[in-house]
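# Coordinate analysis (summary)
Here is what each chain is made of, one letter per residue.
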Amino acid sequence: MSFRIVEQATARLNRSELSVPGSRPELFEKAARSAADIVVLDLEDAVAPDDKDQARRHVVSALNDVDWGDRAVSVRVNGLDTGYMYRDVIDLLEQTGDRLDLVMIPKVGNASDVYAVDVLVSQVEQAKGRTKPVGFELIIETAQGMANVDEIAAASPRNESLHFGVADYAASTRARTTSIGGPHPDYGVLTDLLEGEERAYHWGDMWHYAISRLVVAARAAGLRPIDGPFGDFSDPHGYRAQGNRSGVLGCEGKWAIHPSQVPLANELFSPSEQDVAQGRRILEAMHKAQREGAGAVALDGRMIDIASIKQAENLVRKADQIRGSAG
Ligand code: COA
Ligand code: MG
């Protein structure tokens, strides 16, 4: 461990994050009754330019009037390159109460973008005497954002999570795809010519680097890495595969753009009973080893050592957190 201890962001369940267009208030109650850990009311790209003012009013009312239960509520504001962001932040912070947990900032390009929103939020919080500080969720979805991801992650104590915005990222990097978050048939390898053997084509994951990079930046700053949307909401198998691959890499959750994706995300990002039971066995075995002065020992014919304690503790802590939320 480095001498510098990284402070961890506010602990929050973030397995599923359901996005709801701010211009469709008829969906708000449905989202509030869903099993989503976090609901994001969107003022950005799911809202057409002519509807921006109306959507902002809907979102302010929803934060004041809808019963959101225990879940966290976030609002995705417009980008810093638009004329809407300042009004989004000011109206939200001035006209709503403690039900606003998080502000999601899209298309963050560098640390100054976060700083600018932080200044605005801090000013209104202070002027209005708000006592519950609002956290930030940051979407990494441009080449610039990915190039500056480390400084972005460390830009504000309000930062809680980094999100991979796959569609805008594809557009920004000019990736050759039009799907939202799926694999691409052209991204793969053909096995070499070997005498007498058939050649096989293996699909690869074109988002592997981006997600891994985001996970490292988030974890190094004590933030949650979250995988973004999967647009084909009629394909639960595709959603599962994408969610599992980002979970294996370290992500804590995934967006849902449709209610049918919420239970999938909750399941994919909850450790299985089997994993948790194995985690508890590892902890027991390691505590015994420590009492006996051993560093590495064998469990079921496999090596476990002090690093195994941390992995097992992460699993068990997550299971306890989920039980605590009854989710
Ligand atoms: N939140 C809450 N409820 C939603 C919802 C959402 N995001 N999306 C759909 N629903 C509801 C519908 O109202 C419908 O309810 P009903 O059974 O009571 O009629 C039910 O879920 C099934 O919806 P369905 O008819 O399959 O979808 P749709 O055609 O109405 O909408 C989308 C499809 C993609 C337009 C819609 O899901 C949506 O707007 N998603 C969010 C988009 C977004 O936020 N994008 C920005 C982030 S990438
Ligand atoms: Mg986007």
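Residues numbered from 1 in each chain as written. Chains lettered and ligands numbered in written order. Predicted model: local features only at pLDDT ≥ 70, side-chain atom pairs only at ≥ 80, totals over all residues. Heavy atoms only, no water.

Next up on the list: the coordination of the magnesium ion (ligand 2). Distances from the magnesium ion (ligand 2) to its protein donors, namely Glu141 (OE) and Asp168 (OD), fall within the range 2.0 to 2.2 Å. Of this pair, Glu141 sits in the loop between β5 (135-140) and α5 (143-147) while Asp168 sits in helix α7 (residues 166-173), and the two are 27 residues apart along the sequence. (Donors = N, O, S within 2.8 Å, 3.2 Å for Na, K, Ca; no water. Helix = DSSP H or I, 4+ residues; strand = E, 2+ residues; numbered from the N terminus.)

Taken together, 14 residues lie near ligand 1, and Ser19, Leu27, Lys30, Ile257 and His258 sit nearest. Here an oxygen atom of ligand 1 and a side-chain polar atom of Ser19 are 2.6 Å apart. With respect to ligand 1, the backbone of Ile257 contributes an N or O atom lying 2.7 Å from a nitrogen atom. For ligand 1, whose accessible area on its own is 900 Å², the fraction buried by protein is 59%. Among the elements that take part in the shell around ligand 1, strand β1 (residues 16-21) stands out by supplying four residues, more than any other. Here the residues of the shell around ligand 1 sort into eight nonpolar, two polar and four charged. (Near = heavy atom within 4 Å. Polar contact = N/O pair within 3.5 Å; in protein donor to acceptor, adjacent residues only side chain to side chain. Areas by Shrake-Rupley, 256 points an atom, 1.4 Å probe, with all protein chains shown as cover. Nonpolar A, V, L, I, M, F, W, Y, C, P; charged D, E, K, R; others polar.)

With that settled, the discussion passes to the domain arrangement of the chain. As a measure of interface size, the accessible area lost when the parts come together is often cited. The domain architecture assigned to the chain consists of domain 1 (16-270) and domain 2 (274-326). Using only C-alpha atoms to locate each centre, domain 1 and domain 2 end up separated by 32 Å. (Domains from an automatic or database assignment.)

Time to look at the environment of Ile304. With respect to the secondary-structure elements, Ile304 resides in strand β12 (residues 302-304). With sequence-adjacent residues up to four places away left out, Ile304 is seen in contact with Ile282, Ala285, Met286, Gly295, Ala296, Val297 and Leu299. (Contact = heavy atoms within 4.5 Å.)

Let us look at helix α9 (residues 236-249). Since the α-helix packs 3.6 residues into each turn, any two residues three or four apart lie on the same face. Given a rise of 1.5 Å per residue, 14 residues ought to cover 20 Å, and the 20 Å separating the end C-alpha atoms of α9 matches this to within 8%. Once α9 ends, the next one or two residues include Gly250, with phi positive near 125°. (Expected span 1.5 Å × (residues − 1).)

So, about a nonpolar patch on the surface. On the surface, Leu190, Tyr201 and Trp203 cluster together into a nonpolar patch covering about 340 Å² of accessible area. In this structure, Tyr201 sits in strand β8 (residues 201-203). On the basis of relative accessible area, Tyr201 is assigned to the partly exposed category, the value being 39%. (Patch = residues over 30% accessible without salt bridge, like charges linked within 9 Å, V, L, I, M, F, W, Y side chains within 5 Å. Salt bridge = Lys/Arg side-chain N within 4 Å of Asp/Glu carboxyl O. Buried < 20%, exposed > 50% of the residue type's maximum accessible area, 1.4 Å probe, protein only.)

Attention now moves to the sheet that holds β5. As summarised here, the arrangement of the eight strands in space is β1-β2-β3-β4-β5-β6-β9-β10, forming a closed barrel in which the pairing is parallel. When strand polarity is set aside, the average angle formed by the axes of neighbouring strands in this sheet is 25°. Bridge analysis of β1 against strand β10 (residues 253-256) gives three bridges, and the strand direction is parallel. Bridge pairing in β10 links Glu17 to Trp255. Across the sheet, helix α8 (residues 208-220) lies against β5, β6 (159-164) and β9 (224-227), angled at about 155° from β9, the strand it touches most. (Pairing = 2+ DSSP bridges. Axes fitted to C-alpha atoms, helices over the stretch in contact; angles between N-to-C directions.)

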